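Notes for the structure review
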Amino acid sequence: MLVHNNAMKPIFFSLLLLAAALANAQTQGTPQMNLQRIVLTAGIHQIDTQLAITPEQHAVGLMYRKEMPQHEGMLFVFQNPTKQCFWMKNTELPLTAAFVADDGSIVNLEDMKPQTTSSHCSARPVRYVLEMNQGWFARKGLKAGSRLGGPPFSVNH
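Residues numbered from 1 in each chain as written. Predicted model: local features only at pLDDT ≥ 70, side-chain atom pairs only at ≥ 80, totals over all residues. Heavy atoms only, no water.

As for the overall build of the protein
Operational definition: In DSSP terms, a helix is any run of H or I states spanning at least four residues, a strand is any run of E spanning at least two, and both are numbered starting from the N terminus. Residue contacts follow a heavy-atom distance rule, with two residues in contact if any of their heavy atoms lie within 4.5 Å. Computed with a 1.4 Å probe, the accessible areas rest on the Shrake-Rupley method; for each residue, only the protein chains presented here act as cover.
Helix and strand counts for the protein stand at four helices and eight strands. Tracing the protein from N to C terminus, the helices and strands come up as α-β-β-α-β-β-β-β-β-β-α-α. In the protein, the share of contacts with a sequence separation of at least 24, taken over all contacts with a separation of at least 6, comes to 68%. Approximately 9,300 Å² of the protein is accessible, and the part contributed by carbon and sulfur atoms is 58%.

Observations regarding the state of the cysteines
Cut-off, in case you're wondering: Put simply, a disulfide is two cysteine sulfurs that come within 2.5 Å.
Considering all chains together, one arrives at one disulfide under this definition. At a sulfur-sulfur separation of 2.0 Å, the disulfide partner of Cys85 is Cys121. Measuring handedness by torsion sign, the sulfur bridge of Cys85 and Cys121 sits at about 115 degrees and is right-handed. With Cys85 in strand S4 (residues 85-86) and Cys121 in strand S7 (residues 120-121), this residue pair connects regions lying 36 residues apart in the sequence.

A short note on the sheet that holds strand S1 (residues 37-42)
Just so we agree on the cut-off: DSSP bridges decide pairing: two strands pair if at least two such bridges lie between them. Axis lines are fitted to C-alpha atoms, over the contacting stretch for helices. Their N-to-C directions set the angle, which ranges from 0 to 180 degrees.
If you trace the six strands from one edge of the open sheet to the other, you get S1-S2-S3-S8-S5-S6, paired in mixed fashion. Two strands close off the open sheet at either side, each with one partner strand: S1 and strand S6 (106-112). Between one strand axis and the next, the sheet turns through 30 degrees on average, direction left out of account. As defined by bridge partners, strand S5 (residues 95-100) adjoins S6 across six bridges and the pair is classed as antiparallel.

Examining the environment of Ala97
Defined as follows: For the exposure calls, accessible area comes from a 1.4 Å probe over protein chains only, and a residue counts as buried if that area is under 20% of its type's maximum, exposed if over 50%, partly exposed in between.
Within the fold, Ala97 resides in strand S5. Taking the relative accessible area as the measure of exposure, Ala97 reaches 0% and is therefore buried. Considering only alpha carbons, one finds Ala97 and Phe137, 40 residues apart in sequence, at a separation of 9.4 Å. Look past the residues within four positions of Ala97 in its chain and what remains in contact with it is Asn108, Leu109, Glu110, Met112, Val129, Leu130 and Glu131.

Listed below in C-alpha coordinates is the structure:
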(Lines give C-alpha, C1' and ligand atoms only; values in the text may rest on other atoms or scores of the structure.)
Protein backbone atom coordinates (compact mmCIF):
# COMPACT_ATOMS: atom_id res chain seq x y z
CA MET A 1 0.00 0.00 0.00
CA LEU A 2 1.40 3.38 -1.09
CA VAL A 3 0.62 6.30 1.16
CA HIS A 4 0.66 9.65 -0.57
CA ASN A 5 1.61 12.36 1.85
CA ASN A 6 1.33 15.92 0.53
CA ALA A 7 3.14 17.19 3.62
CA MET A 8 6.35 15.56 2.34
CA LYS A 9 6.32 17.44 -1.00
CA PRO A 10 7.79 20.72 0.31
CA ILE A 11 10.57 18.87 2.13
CA PHE A 12 11.35 16.77 -0.95
CA PHE A 13 11.53 19.83 -3.23
CA SER A 14 13.61 21.71 -0.68
CA LEU A 15 16.08 18.82 -0.64
CA LEU A 16 16.17 18.81 -4.46
CA LEU A 17 16.86 22.56 -4.51
CA LEU A 18 19.59 22.16 -1.90
CA ALA A 19 21.22 19.34 -3.88
CA ALA A 20 21.10 21.43 -7.06
CA ALA A 21 22.62 24.43 -5.26
CA LEU A 22 25.43 22.27 -3.85
CA ALA A 23 26.13 20.75 -7.26
CA ASN A 24 26.21 24.21 -8.81
CA ALA A 25 28.60 25.46 -6.13
CA GLN A 26 30.95 22.57 -6.86
CA THR A 27 30.89 23.25 -10.61
CA GLN A 28 31.49 26.95 -10.01
CA GLY A 29 34.70 26.02 -8.21
CA THR A 30 36.94 27.97 -5.94
CA PRO A 31 40.22 29.51 -7.08
CA GLN A 32 43.46 28.35 -5.50
CA MET A 33 44.74 31.37 -3.63
CA ASN A 34 46.82 29.89 -0.81
CA LEU A 35 49.44 27.80 -2.57
CA GLN A 36 53.10 27.97 -1.60
CA ARG A 37 54.85 30.94 -3.24
CA ILE A 38 58.34 31.63 -4.50
CA VAL A 39 59.94 34.54 -6.36
CA LEU A 40 61.16 33.92 -9.89
CA THR A 41 63.13 36.37 -11.99
CA ALA A 42 63.07 37.18 -15.68
CA GLY A 43 65.97 39.55 -16.20
CA ILE A 44 65.28 42.52 -13.93
CA HIS A 45 61.63 41.51 -13.43
CA GLN A 46 60.38 39.63 -10.36
CA ILE A 47 57.43 37.26 -10.51
CA ASP A 48 55.46 36.42 -7.34
CA THR A 49 54.74 32.81 -8.22
CA GLN A 50 52.26 30.32 -6.81
CA LEU A 51 53.46 26.71 -7.04
CA ALA A 52 51.13 24.01 -8.37
CA ILE A 53 52.92 20.79 -7.38
CA THR A 54 50.35 18.06 -6.75
CA PRO A 55 48.08 16.50 -9.41
CA GLU A 56 45.11 18.13 -7.66
CA GLN A 57 46.78 21.55 -7.80
CA HIS A 58 47.68 20.97 -11.46
CA ALA A 59 44.05 20.10 -12.27
CA VAL A 60 42.68 23.37 -10.84
CA GLY A 61 45.55 25.68 -11.84
CA LEU A 62 44.26 29.21 -12.37
CA MET A 63 40.65 28.13 -12.92
CA TYR A 64 37.93 30.35 -11.46
CA ARG A 65 40.24 33.35 -10.95
CA LYS A 66 38.58 36.65 -11.83
CA GLU A 67 41.85 38.60 -11.84
CA MET A 68 45.57 38.22 -11.24
CA PRO A 69 48.05 41.03 -10.57
CA GLN A 70 50.50 41.61 -13.45
CA HIS A 71 53.55 40.58 -11.38
CA GLU A 72 51.99 37.24 -10.36
CA GLY A 73 51.93 33.85 -12.05
CA MET A 74 51.59 30.13 -11.41
CA LEU A 75 54.41 27.65 -11.90
CA PHE A 76 53.33 24.07 -12.56
CA VAL A 77 56.02 21.66 -11.37
CA PHE A 78 56.07 18.09 -12.66
CA GLN A 79 58.17 15.12 -11.48
CA ASN A 80 59.81 14.43 -14.83
CA PRO A 81 60.19 16.29 -18.10
CA THR A 82 57.41 15.24 -20.47
CA LYS A 83 55.41 16.89 -23.23
CA GLN A 84 53.03 19.15 -21.31
CA CYS A 85 49.67 20.26 -22.74
CA PHE A 86 47.34 22.81 -21.15
CA TRP A 87 43.80 24.00 -21.83
CA MET A 88 41.64 26.80 -20.47
CA LYS A 89 38.46 25.06 -19.33
CA ASN A 90 36.90 27.06 -16.45
CA THR A 91 39.67 29.66 -16.77
CA GLU A 92 38.42 33.21 -17.13
CA LEU A 93 41.74 35.02 -17.61
CA PRO A 94 43.60 35.19 -20.94
CA LEU A 95 46.98 33.61 -20.18
CA THR A 96 50.31 32.88 -21.78
CA ALA A 97 52.00 29.59 -20.90
CA ALA A 98 55.79 29.49 -20.90
CA PHE A 99 57.06 25.93 -21.22
CA VAL A 100 60.35 25.95 -19.31
CA ALA A 101 63.35 23.59 -19.37
CA ASP A 102 65.19 22.49 -16.23
CA ASP A 103 67.82 25.24 -16.67
CA GLY A 104 65.11 27.95 -16.70
CA SER A 105 65.20 28.59 -20.44
CA ILE A 106 61.85 29.16 -22.13
CA VAL A 107 61.26 26.43 -24.70
CA ASN A 108 58.13 28.01 -26.23
CA LEU A 109 55.30 30.37 -25.36
CA GLU A 110 51.60 29.77 -26.06
CA ASP A 111 48.83 32.38 -25.78
CA MET A 112 45.62 30.80 -24.49
CA LYS A 113 42.06 32.11 -24.78
CA PRO A 114 39.71 31.88 -21.77
CA GLN A 115 37.08 29.16 -21.53
CA THR A 116 38.48 27.03 -24.38
CA THR A 117 39.49 23.40 -24.56
CA SER A 118 42.14 23.74 -27.28
CA SER A 119 45.44 22.09 -26.34
CA HIS A 120 48.55 24.24 -25.96
CA CYS A 121 51.64 22.03 -25.76
CA SER A 122 55.35 22.24 -25.10
CA ALA A 123 57.58 21.94 -28.16
CA ARG A 124 59.66 19.36 -26.28
CA PRO A 125 59.54 17.62 -22.87
CA VAL A 126 59.64 20.05 -19.93
CA ARG A 127 59.23 19.85 -16.17
CA TYR A 128 57.91 23.41 -15.67
CA VAL A 129 55.10 25.56 -17.07
CA LEU A 130 54.71 29.18 -15.98
CA GLU A 131 51.33 30.81 -16.61
CA MET A 132 51.16 34.60 -16.65
CA ASN A 133 48.59 37.16 -17.79
CA GLN A 134 48.52 37.17 -21.57
CA GLY A 135 50.99 39.65 -23.03
CA TRP A 136 53.26 39.79 -19.96
CA PHE A 137 56.15 37.95 -21.65
CA ALA A 138 55.86 40.06 -24.82
CA ARG A 139 55.81 43.33 -22.86
CA LYS A 140 58.99 42.28 -21.06
CA GLY A 141 60.69 41.26 -24.31
CA LEU A 142 60.85 37.58 -23.28
CA LYS A 143 60.63 34.82 -25.87
CA ALA A 144 61.85 31.27 -26.55
CA GLY A 145 65.45 31.06 -25.36
CA SER A 146 65.01 33.70 -22.62
CA ARG A 147 65.94 32.43 -19.19
CA LEU A 148 64.05 32.49 -15.91
CA GLY A 149 65.83 32.41 -12.56
CA GLY A 150 64.81 31.14 -9.16
CA PRO A 151 64.97 28.15 -6.84
CA PRO A 152 63.61 25.47 -9.23
CA PHE A 153 66.20 26.35 -11.86
CA SER A 154 69.19 26.63 -9.52
CA VAL A 155 69.26 22.92 -8.67
CA ASN A 156 70.79 20.26 -10.90
CA HIS A 157 68.16 17.64 -11.73
